[in-house]
Each structure stands twice: as structure tokens, then as C-alpha cells.
Amino acid sequence: WKADEGRELLLYPWFSMQQALSDIDCWVNAIALQPGEGGALYVGDEQGTLSVYRVAQYGRNGTLQLSRWRRQPHAHALGITRLMLVPQEHAIVSASYDHTVRVFDTVSGTALLSIENGRKCRYTALHWDHSHAELLLGDELGYVYFWNIASERCLKCEQLRAVGGTALGSPAVRDLSVAGNEMLASAGNACDTWIIL
């Protein structure tokens with residue numbers, strides 16, 4: 001999509017489509033964009049396939065044209081639900097309905113790590129903590145996991161919300177964010193701040 005010229009000051013500027021990716025034969029569930037020179041578009045679909053699109057050429061009027069650079073069928077056994085790009089580590093992290101999170105190298109496409117949820121539920125939140133080089137995962141049962149990718153182990157696991165009997169709705173962790181030693185987690189109808197020890 002590209003913003004139409006002359007409409008930038010409007011409350012709702014109009015965008016016109018520049019290209020449709022027609023080589024996808026199922027529903028797209030998640031995308032991640034790597035902007036800049038040599039950027040890429042990562043697409044996770046309902047069949048568990050991870051595709052990477054790169055700028056192949058500039059079309060008429062200087063618009064970008066994307067083409068599929070790599071396709072990884074069966075990156076997951078079931079559909080991909082979330083994608084998160086970690087450019088500093090040259091990694092893309094994907095979560096799936098198959099109760100796993102996988103970390104792939106963005107250059108080679110090699111799977112670096114596969115994390116299966118022992119509680120047999122899907123991961124619903126992904127966050128990369130740059131200062132500690134840790135992957136934070138949240139799941140449907142209200143647990144948060146701190147993973148060190150280099151050592152390939154879980155450093156800590158805490159349940160933020162208990163299942164059942166809560167007036168706050170679902171215990172599923174929907175989003176995570178870290179700043180310094182504080183973690184912000186949204187679950188159910190609440191958003192809580194936690195001190196990381």
C-alpha cells in the first residue's frame with residue numbers, strides 16, 4: 001500500500017494498493033516487516049508455511065515489487081499465529097497453533113531453536129528483551145517464560161494469571177513489553193506491571 005499524493009493532511013488519508021502477493025494459496029495469519037535496504041516481508045500462513053519476500057525490482061513510477069525469495073513449507077505442523085523479527089540477532093521468531101515457538105536464521109532459513117509448550121497450550125505473546133538478549137513468551141494459561149537463546153534453556157517461568165474463576169476474563173497473556181527491570185503484561189481485561197528479579 002502507498003499513501004495517495006495530496007491526501008496527507010486528511011484525517012483518513014487514502015491508500016492505494018501497489019502489489020498483491022498472488023502466490024499464496026491460503027490465509028495469511030501473521031506478517032513481519034524488515035524495513036530498509038535489503039528489507040524483507042515475512043509471511044506466516046494457516047498451513048504452517050513461512051515465506052520470505054524480497055524487493056526484486058522497482059516497478060513503474062518507482063514502486064517496489066516483491067517476489068518470493070524463500071518458502072519453508074511445514075515450518076510448523078499447524079498454522080502460524082505470530083511472527084516477530086529480531087534484526088540484531090538475524091532471527092525471525094514464529095508461534096503456532098501446534099504449541100511451539102521456533103527461531104529461524106533470517107539469512108539461511110535454518111531452524112535455530114524449537115520450544116514446545118509443556119502445558120500443551122499455544123503461545124500468545126512474543127517479546128525480545130534487547131538488554132538481556134532474552135526471548136519472553138506468554139501463553140494461553142497466563143504463564144510467562146524467559147528464554148536464553150544462546151544456551152537454549154528456559155531461565156524462569158511464572159504464572160501471572162490463574163485459570164478459572166477470575167472476573168478479569170481470559171488468563172491468556174496477549175502482549176509483553178520490557179523496559180529496564182519492569183515487564184508490562186496484558187492479560188484478560190487488565191494490564192499489569194511486574195518487577196523482574
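Use the structure listed above.
Residues numbered from 1 in each chain as written. Predicted model: local features only at pLDDT ≥ 70, side-chain atom pairs only at ≥ 80, totals over all residues. Heavy atoms only, no water.

1. Some points on the environment of leucine 160
This is how it is decided: To qualify as a helix, a DSSP run of H or I must reach at least 4 residues; to qualify as a strand, a run of E must reach at least 2; elements of each kind are numbered from the N terminus. Should any heavy atoms of two residues lie within 4.5 Å, those residues are considered in contact.
With respect to the element layout, leucine 160 can be found in the loop between strand 14 (153-159) and strand 15 (173-179). When the C-alpha positions of leucine 160 and tyrosine 143 are compared, they lie 5.8 Å apart, and in sequence the two are 17 residues distant. Setting aside chain neighbours within four positions, we find leucine 160 in contact with Gly142, Val144, Val173, Met183, Ala185 and Trp194.

2. Quick notes on the pattern of salt bridges
Here is the rule: The rule for a salt bridge is simple: a side-chain nitrogen of Lys or Arg has to be within 4 Å of a carboxyl oxygen of Asp or Glu. The rule is simple: take the accessible area with a 1.4 Å probe, protein chains only, and divide by the maximum for that residue type; under 20% is buried, over 50% is exposed, in between is partly exposed.
Taken as a whole and judged by the stated rule, the model has 4 salt bridges. Here arginine 68 makes a salt bridge to aspartate 23, at a shortest N to O gap of 3.3 Å. Here arginine 68 is found in strand 6 (residues 64-72), whereas its partner aspartate 23 is found in the loop between strand 2 (15-16) and strand 3 (28-34), with 45 residues between them in sequence. According to the relative accessible area criterion, aspartate 23 is partly exposed, its value standing at 37%.

3. Describing the layout of surface pockets
The condition is simple: Only protein atoms enter the 1 Å grid, on which a cavity is a set of points fitting a 1.4 Å probe that cannot get out and a pocket is an open set with protein on both sides within 12 Å along at least 5 of 7 lines, lining residues being those with an atom within 4 Å of a point. Grid points are joined across faces, edges and corners, and a volume is the space filled by probe spheres set on the points. Each residue receives one of three labels: charged for Asp, Glu, Lys and Arg, nonpolar for Ala, Val, Leu, Ile, Met, Phe, Trp, Tyr, Cys and Pro, and polar for the others, Gly being one of them.
Here the second largest pocket is characterised by a volume of approximately 160 Å³. Along its surface, the second largest pocket is lined by 13 residues, and Glu89, Trp128, Ala133, Ile149 and Ala150 are the ones closest to its centre. A per-class count over the lining of the second largest pocket returns 10 nonpolar, 2 polar and 1 charged.

4. Digging into the environment of aspartate 45
Spelled out, the test is: Within 3.5 Å is the distance limit for a polar contact, defined as a pair of N or O atoms, with the added protein rule that one can donate a hydrogen and the other accept it, and that residues adjacent in sequence qualify only through two side-chain atoms.
Along the polypeptide, aspartate 45 turns up in strand 4 (residues 40-45). Distance from aspartate 45 to cysteine 26, taken between C-alpha atoms, is 6.8 Å for residues 19 residues apart in sequence. Excluding residues that lie within four positions of it along the chain, aspartate 45 makes contacts with Cys26, Trp27, Val28, Asn29, Gly79 and Ile80. At 3.1 Å, the side chain of aspartate 45 forms a polar contact with the backbone nitrogen of glycine 48.

5. As for unusual backbone geometry
The phi dihedral of histidine 74 falls on the positive side, at around 60°, and the residue is not glycine. Within the fold, histidine 74 resides in the loop between strand 6 and strand 7 (80-86). Classification of histidine 74 as exposed rests on a relative accessible area of 67%. The phi dihedral of alanine 133 is positive, around 50°, even though this residue is not glycine. Judged by its relative accessible area of 33%, alanine 133 is partly exposed.

6. Observations concerning the pairing of strand 15
Put simply, the test is: DSSP calls a pair of strands paired once it identifies at least 2 bridges connecting them.
In the sheet, strand 15 pairs with strand 16 (residues 182-187) via 6 bridges, with the strands oriented antiparallel. From the neighbouring strand, alanine 179 faces strand 16, where its bridge partner is glutamate 182. Following strand 15, the chain reverses through 2 residues before pairing antiparallel with strand 16; glycine 180 in that reversal takes a positive phi of roughly 65°.

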